[in-house]
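Results of the structural survey
The chain contents come next:
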Amino acid sequence: MVLLVVSSPKGGVGKTTLVANLAVALRRRGRPVTAIDFDSQNALRFLLAPGHDGELGVARCTAQGLPWSSAVVDGLDGVRVAPYGEATTAERLRMKDVLVEPTLAEALNSLARSPDEIVIADTTPGDGRLQERLEALADLKLIVLLADAGSMALVPTYRDGLMLRPMSEQPNTFGVLNQVDPRRRLSRDIAEFIAAHAAERFIGVVHYDESLAEAAARGEAVVAVASDSVGAMDIDAIAGRLDRLTSSGSR
Ligand SMILES: Nc1ncnc2c1ncn2[C@@H]1O[C@H](COP(=O)(O)OP(=O)(O)OP(=O)(O)O)[C@@H](O)[C@H]1O
Ligand SMILES: [Mg+2]
């Protein structure tokens, strides 16, 4: 299994959108993919498995001692989806208590059916402890940032400086700059600054593209239904880099 954890210092930056579309793009490149949701709002299931009610998810499985595979449903383009599912407050709290690192590792491993399977995790910024444990197990970490002043102000402090620490100290952490809009000067300047000074810390840029939200509203992934849109091409380019970074020859 290859564990890919997608997180962000701020909410609402596009994590779930990127997880859903990267999962489909990696699948279309032939990789087996399971996407898992650690957000109790269940947004990932709405994007990747819109036809399922997803009531039984990883939260209830954890509380009841069931394997996470019991919660897996078939999603778009052959992506398997492990939803967070419905959960009482007690079940949510239990999830945080029970999932110490070894238990979390075992549960994640049980989702993958082959060594080259990518398990891609969507997270929520509010969940510090679980987030830390997930990141400790991750083979690759993607940190989603917006090309705006608020996100950039957080860069030096987030996880001790995504851009500032040398690559050799955190070779498996990459930024993704999302919603870049070349029509807006600040957005353009930030994208140019990163390209010039921190390109090796960023796995890619995703332009602002309304077709991402439009496809999501129809229950589709933009990389599948509008593959020539700028957002789909950006995401597919990132998927290509992830595929190369995580294929067995390069690990
Ligand atoms: N590149 C993009 N271009 C245009 N809209 C985008 C882009 N990326 C994300 N969005 C839109 O931004 C909104 C927030 O995205 P999303 O829900 O994926 O963020 P999130 O980081 O998962 O949020 P949360 O922290 O609440 O889980 C959605 O309406 C989504 O369609
Ligand atoms: Mg989300």
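Now for a look at the structure at hand. (Residues numbered from 1 in each chain as written. Chains lettered and ligands numbered in written order. Predicted model: local features only at pLDDT ≥ 70, side-chain atom pairs only at ≥ 80, totals over all residues. Heavy atoms only, no water.)

1. Overview of the sheet that holds strand 3 (residues 73-74)
Let me state the cut-off plainly: In short, DSSP must find at least two bridges between two strands for them to pair. Secondary structure is summarised from DSSP: a helix means a run of H or I of at least four residues, a strand means a run of E of at least two, and numbering begins at the N terminus for each.
Spatial strand order, 3-4-2-5-1-6-7-8: eight strands in an open sheet with mixed pairing. Lying at the two open borders of the sheet, with one neighbouring strand each, are strand 3 and strand 8 (202-207). Summarising the sheet, strand 1 (residues 2-7) and strand 6 (residues 140-146) pair through four bridges and their orientation is parallel. Pairing of Val5 across the sheet is with Lys141, part of strand 6.

2. Description of the packing of helix 1 (residues 15-28) against helix 11 (residues 230-246)
The line we're drawing: Lines are fitted to the C-alpha atoms to define the axes, a helix being fitted only along its stretch in contact, and any angle between axes, read from their N-to-C directions, falls within 0 to 180 degrees. Should the near helix be turned counterclockwise from the far one by less than a right angle, the crossing is left-handed, whereas a clockwise turn marks it as right-handed. Note on contacts: a residue pair qualifies if any of its non-hydrogen atoms lie within 4.5 Å across the two residues. Polarity classes work like this: nonpolar for Ala, Val, Leu, Ile, Met, Phe, Trp, Tyr, Cys and Pro, charged for Asp, Glu, Lys and Arg, and polar for all others, with Gly in that last group.
Contact geometry for helix 1 and helix 11: axes closest at 9 Å, N-to-C directions at 65 degrees. Of the two elements, helix 1 crosses helix 11, and the hand of that crossing is right-handed. Contacts between helix 1 and helix 11 involve Leu18, Asn21, Leu22, Ala25 and Leu26 on the former and, on the latter, Ile235, Asp236, Ile238, Ala239, Leu242 and Asp243. Residues belonging to the contact of helix 1 with helix 11 are distributed by class as follows: eight nonpolar, one polar and two charged.

3. What about the site of ligand 1?
The following threshold applies: Throughout, the term near means that a residue has one or more heavy atoms lying within 4 Å of the molecule or strand in question. Here a polar contact means two N or O atoms within 3.5 Å. Within protein one must be a hydrogen donor candidate and the other an acceptor candidate, and residues neighboring in sequence count only if both atoms are side-chain atoms.
Neighbouring residues of ligand 1: 15 residues in total, closest Gly12, Gly14, Lys15, Thr16 and Thr17. Note that an oxygen atom of ligand 1 is positioned 2.8 Å from one of the backbone N or O atoms of Gly12. Between Gln179 and ligand 1, the recorded distance is 3.5 Å, taken from a side-chain N or O atom to a nitrogen atom. Elements with a minimum of two residues in the shell around ligand 1: helix 1, strand 7 (173-180) and strand 8. No other element matches helix 1, which puts three residues into the shell around ligand 1. Looking at the shell around ligand 1 residue by residue, the class counts come to four nonpolar, eight polar and three charged.

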